[in-house]
Amino acid sequence: MTTTSRRAFLGAGTATLGAAALAGFGLRGLDAPPEDARPPAPGPYRVVTPASEQWEDLRQGTNLRWIGSPRRIAFPRDASEVAAEIRTIQRLGLRPAVRSGGHGYESFVSNDDVTAIIDLAAMNQVRWDPRRRAFEVGAGAQLGAVYQLLYKQWGVYVPAGNCPTVAAGGHIAGGGYGSMNRRDGLVVDHLAAVEAVHVRANGTVRTSVGTRDPRSPDHELWWAYTGGGGGNFGVATRYWLRSPAAAGDRPEAALPTPPRHVILSTVAWRWDDLDEASFGRLLANHGRWHEEHSAAGTPEAGLFSQLKTWHRANGTITLDTVVDAGVPDADGVLDRHVGALSQGIPVPTVLQRRRVPWLQGTQWTGFTGPDPTRRFDGKSAYLRRTWTPTAVAAAYRALTDPSFSHPGALLMIASYGGAVNTVAPDATAVAQRDSIIKFQVVSIWDDPEDDAANLAWTRSTYAAMFADTGGVPVPNADTDGAFVNYADTDLDDPAHNTSGLSSLDLYYKHNLPRLVRARAAYDPKGLFSHAQSLPVS
């Protein structure tokens, strides 16, 4: 089996809206018709076919497990061109899929059944829209560019994901999170409006704008895009971002201000210094810290960490942490976090600790996503409280299994909660609003011949950690389902999930019926479908 460096995968609003609050949401103009888009650039939009030089590369995304054979890959530049492409797809009888950044955990886009890909890369604008008093972000804009442009021009940011090459389209649709989630919530908590192109029951193509205003005729479209996942409601082409509490017309006040500086830290424990008891104590310490420090608005809410319990073959377990350097006693917050996790176990080695400007920190390799030249598999869970004994014991067995000696296997455990949990679970489509940890069972590898071994490890580890609830994180006092952006088709396989709940139950919980109704309204023909799309009836 090939080897992997431990660095290969380092990858607040309110529940109800009163009339007074609506006045500050920047709703003026949000319901304007979508015809205010810029005219398309001269000439036709680009279409790549199997005869094109780029086709071989563009038929796959960032996970090299998946490769497709589409007859056309189109790069429309605005909603009108998306609509034109959909009409072409309908006329040719093709099966479409939509791609923004291509960071797919499953083969929803790159597979032999998909014959047409609508790639949103050309819709990468980031600009202030004075009519809507919100920032317009194209669905193809990569998060790294979004951070750069928002901050350099206006001094603001949106709390989205850590990987700079993930694009807004799928990230926002799935309710994406990042290293500032505990400080400022989820990206969808700042979503004011969405434009989407969709197909009616009679086959006609329509462009609609849904807004946060409950009075909006397409309010349900907005709500569906606050965590309902991709491949369900047509093609999102533009998002408008404005925080719920923002007031006035100035762009500098429309979104949060990021930290001026952040403290970046990496510490490591050597596996040679740990046994089963000390490993269990590390996870218990980790869970306890998050139980005690997941309230919004505290100095600790300015801290986010990823505990990466690499397989023993890697040699270490690492903790990457970022702290808003502007919170009271920021260095002390970090010291106490590391100290709390280290209670009763060997003291970790400090690999780095430095203070850097926030914008530079968004490119830190401690949190960036998977190497796009590799293959990976991941399975997710939300934790409402600390680790169960079953989960800890199963994790230790898997991470020390000598029959699978792969240094690229790990649990990637992320801090969660804080401002995320100040929003009601039905205010957006993201139903998980009282969790404190989000984590994945992950493996990253290079060679196709290693697929079976790595998939067997992620599957067996995940199933064993949740053996008490049918092999999956059933919503209960301890766990709260799975994350739709970390799609996992095993959740619908009875060989791996005996809980009686489907992937949709685990992703959406009580919000599922409302999302099904939204799917029926905006993609009733099921034109955009994949293995885990919402049902159309």
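Residues numbered from 1 in each chain as written. Predicted model: local features only at pLDDT ≥ 70, side-chain atom pairs only at ≥ 80, totals over all residues. Heavy atoms only, no water.

**Looking at the overall build of the protein chain**
Then step 1. Within the protein chain, the regular secondary structure consists of 14 helices and 16 strands.
Then step 2. By the compact-globule yardstick of 24 Å for 537 residues, the protein chain fits well, its C-alpha radius of gyration being 22 Å.
Then step 3. By its C-alpha atoms, the protein chain is 65 × 50 × 40 Å across when sized along the principal axes.
Then step 4. Burial analysis of the protein chain (537 residues in total) assigns 61% to the buried set.
Then step 5. Of the roughly 19,000 Å² of accessible surface on the protein chain, a fraction of 53% belongs to carbon and sulfur atoms.
Then step 6. Charge separation in the protein chain, taken as the distance between the mean sites of 52 positive and 54 negative side-chain charges, equals 5 Å. (Helix = DSSP H or I, 4+ residues; strand = E, 2+ residues; numbered from the N terminus. Rg over C-alpha atoms; globule rule 2.2 N^0.38 Å. Buried < 20%, exposed > 50% of the residue type's maximum accessible area, 1.4 Å probe, protein only. Areas by Shrake-Rupley, 256 points an atom, 1.4 Å probe, with all protein chains shown as cover. Lys, Arg positive; Asp, Glu negative; His and termini not counted. Charge placed at Lys NZ, Arg CZ, Asp CG, Glu CD.)

**Brief notes about the side chain of Ser 278**
Then step 1. You can see Ser 278 is positioned in helix H8 (residues 276–292).
Then step 2. Non-local contacts of Ser 278, meaning those with residues more than four positions away in its chain, are made with Asp 273 and Ile 345. (Contact = heavy atoms within 4.5 Å.)

**Things to note about the pattern of salt bridges**
Then step 1. Taken as a whole and assessed by the stated rule, the structure comprises 34 salt bridges.
Then step 2. A salt bridge links Arg 59 to Glu 56; the shortest N-O distance between them is 3.0 Å.
Then step 3. By relative accessible area, Glu 56 is classed as partly exposed at 41%.
Then step 4. Note that Glu 136 is salt-bridged to Arg 127, the shortest N-O span being 2.8 Å.
Then step 5. What makes Glu 136 buried here is its relative accessible area of 3%. (Salt bridge = Lys/Arg side-chain N within 4 Å of Asp/Glu carboxyl O.)

**With respect to the UniProt feature "domain: FAD-binding PCMH-type" (unreviewed entry) in the protein chain**
Then step 1. Those places that UniProt annotates as "domain: FAD-binding PCMH-type" (unreviewed entry) correspond, in this numbering, to residues 66–246.
Then step 2. In this annotation, residues 66–246 is assigned 23% helix and 24% strand; the end-to-end C-alpha distance for the span is 42 Å. (UniProt positions renumbered as here; feature names shortened; annotations may be inferred.)

**Side note on the environment of Ala 313**
Then step 1. Looking at the secondary structure, you find Ala 313 in the loop between strand S11 (303–310) and strand S12 (316–324).
Then step 2. Exposure remark for Ala 313: the relative accessible area of 37% places this residue in the partly exposed category.
Then step 3. Expressed as a C-alpha distance, the spacing of Ala 313 and Ala 463, which sit 150 residues apart in the sequence, is 22 Å.
Then step 4. Ignoring any residue separated from it by four or fewer positions in sequence, one finds Ala 313 in contact with Ser 405, His 406 and Pro 407.

**As for unusual backbone geometry**
Then step 1. Unusually for a residue other than glycine, Asp 329 sits at a positive phi of about 55°.
Then step 2. Note that Asp 329 resides in the loop between S12 and helix H9 (330–341).
Then step 3. Look at Lys 509: it is not a glycine, yet its phi comes out positive at around 50°.
Then step 4. For Lys 509, the location among the structural elements is in the loop between helix H13 (503–508) and helix H14 (512–522).
Then step 5. With relative accessibility at 16%, the residue Lys 509 sits in the buried group.

**Quick look at H8**
Then step 1. Compared with the 24 Å implied by 1.5 Å per residue over 17 residues, the 24 Å span of H8 between its first and last C-alpha is a close match.
Then step 2. Within H8 the residues assigned to the buried category are Ser 278, Phe 279, Gly 280, Leu 282, Leu 283, Asn 285, His 286, Gly 287, Trp 289 and His 290.
Then step 3. Residue Asp 275 occupies the N-cap position of H8, its side-chain oxygen lying 3.2 Å from the main-chain nitrogen of Ala 277. (Expected span 1.5 Å × (residues − 1). Polar contact = N/O pair within 3.5 Å; in protein donor to acceptor, adjacent residues only side chain to side chain.)

**Thoughts on the packing of H8 against helix H11 (residues 389–399)**
Two packed helices can be described by the angle between their axes and the distance between those axes.
Then step 1. Taken N-terminus to C-terminus, the directions of H8 and H11 make an angle of 125°; their axes are 10 Å apart at the nearest point. Between H8 and H11, the crossing angle belongs to the class labelled oblique. Crossing of H8 against H11: the hand is right-handed. In this structure, H8 uses Glu 276, Phe 279, Gly 280 and Leu 283 to contact H11, whose residues at the interface are Val 392, Ala 395, Tyr 396 and Leu 399.
Then step 2. Partitioning the contact of H8 with H11 into residue classes produces six nonpolar, one polar and one charged. (Axes fitted to C-alpha atoms, helices over the stretch in contact; angles between N-to-C directions. Parallel < 35°, antiparallel > 145°, perpendicular 65-115°, else oblique. Left-handed = near helix turned anticlockwise from the far one by under 90°. Nonpolar A, V, L, I, M, F, W, Y, C, P; charged D, E, K, R; others polar.)

**Digging into the environment of Gly 369**
Then step 1. Relative to the assigned elements, Gly 369 resides in the loop between helix H10 (358–361) and strand S14 (375–383).
Then step 2. Along the primary structure Gly 369 and Asp 129 are separated by 240 residues, whereas in three dimensions their C-alpha atoms are 30 Å apart.

**Section: empty space enclosed by the protein**
Then step 1. Put simply, the second largest cavity is a space of about 180 Å³.
Then step 2. In terms of lining residues, the second largest cavity is bounded by 17 residues, among which Asn 162, Ser 179, Trp 358, Gly 361 and Thr 362 are the most central.
Then step 3. Where the lining of the second largest cavity is concerned, the elements lending two or more residues are strand S10 (261–270) and H10.
Then step 4. Residue classes in the lining of the second largest cavity are distributed as twelve nonpolar, five polar and no charged. (1 Å grid on protein atoms, 1.4 Å probe; cavity = no way out; pocket = protein on both sides within 12 Å on 5 of 7 lines; lining within 4 Å. Points joined across faces, edges and corners; volume = space filled by probe spheres on them.)

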